[in-house]
Amino acid sequence: MAYKNLEITPTDYNSQHTNKLTHYYKGFSTTNPDNRGSKLYDFELIKQDILNHFNTRKGQRVMNPTFGTIIWDLLMEPLTPNIRNLLTKDIETVCTADPRVYPTQLQINEYEQGYLIDVVLVMKNTDQSSSLRLLFDQNIGLVLQ
């Protein structure tokens with residue numbers, strides 16, 4: 001059987017486009033109906049994964065009792081220094097459980113129905129950062145603001 005001879009012509013090579021990586025991480029989400037095609041990239045994907053972690057009460061995940069957060073158990077407790085310390089450690093644990101980011105700033109505020117938490121996340125090996133504002137409410141649950 002004879003093989004065809006193929007001729008490959010070189011195309012214009014532009015090294016400027018190959019050095020810049022536009023999406024470090026990619027995945028999908030089924031929770032956001034406004035997201036066309038349900039594809040998520042970089043911080044949107046990371047935030048969704050962290051939100052899933054925060055939406056899980058510690059001990060609720062089958063075969064992984066350390067996954068989740070204790071915030072749901074402490075929602076109606078007054079924000080004493082001891083509770084603030086517990087919340088800070090738990091939030092840092094949840095954020096550092098994701099190997100793609102690390103928290104740089106954390107602020108916890110109390111209000112009538114729960115806690116308002118502000119976290120600044122930095123993507124590892126990049127200079128990109130993003131803030132995450134979470135409202136843990138006794139009546140409506142977790143709200144991303």
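Residues numbered from 1 in each chain as written. Predicted model: local features only at pLDDT ≥ 70, side-chain atom pairs only at ≥ 80, totals over all residues. Heavy atoms only, no water.

Scanning the chain for helices and strands turns up four helices and six strands. The helix and strand sequence of the chain, counted from the amino end, reads α-β-β-α-α-α-β-β-β-β. Across the chain, contacts joining residues at least 24 apart in sequence account for 37% of those joining residues at least 6 apart. About 10400 Å² of surface is accessible on the chain, with carbon and sulfur atoms providing 50% of the total. (Helix = DSSP H or I, 4+ residues; strand = E, 2+ residues; numbered from the N terminus. Contact = heavy atoms within 4.5 Å. Areas by Shrake-Rupley, 256 points an atom, 1.4 Å probe, with all protein chains shown as cover.)

In this model, the chain carries an average pLDDT of 82, and 71% of its residues clear a pLDDT of 70 or more. When mean pLDDT is compared element by element in the chain, helix α4 (residues 81-97) scores highest at 96, while helix α1 (residues 15-19) scores lowest at 45. Of the regions scoring below 50 in pLDDT, residues 15-20 engages in one contact with residues more than four places distant in sequence or in other chains. (pLDDT = per-residue confidence, 0-100.)

What follows is about the pairing of strand β6 (residues 141-144). Examined bridge by bridge, strand β5 (residues 129-137) and β6 share four bridges and lie antiparallel to one another. Along β6, the bridge assignment pairs F136 with L142. Linking β5 to β6, which pair antiparallel, is a turn of three residues. (Pairing = 2+ DSSP bridges.)

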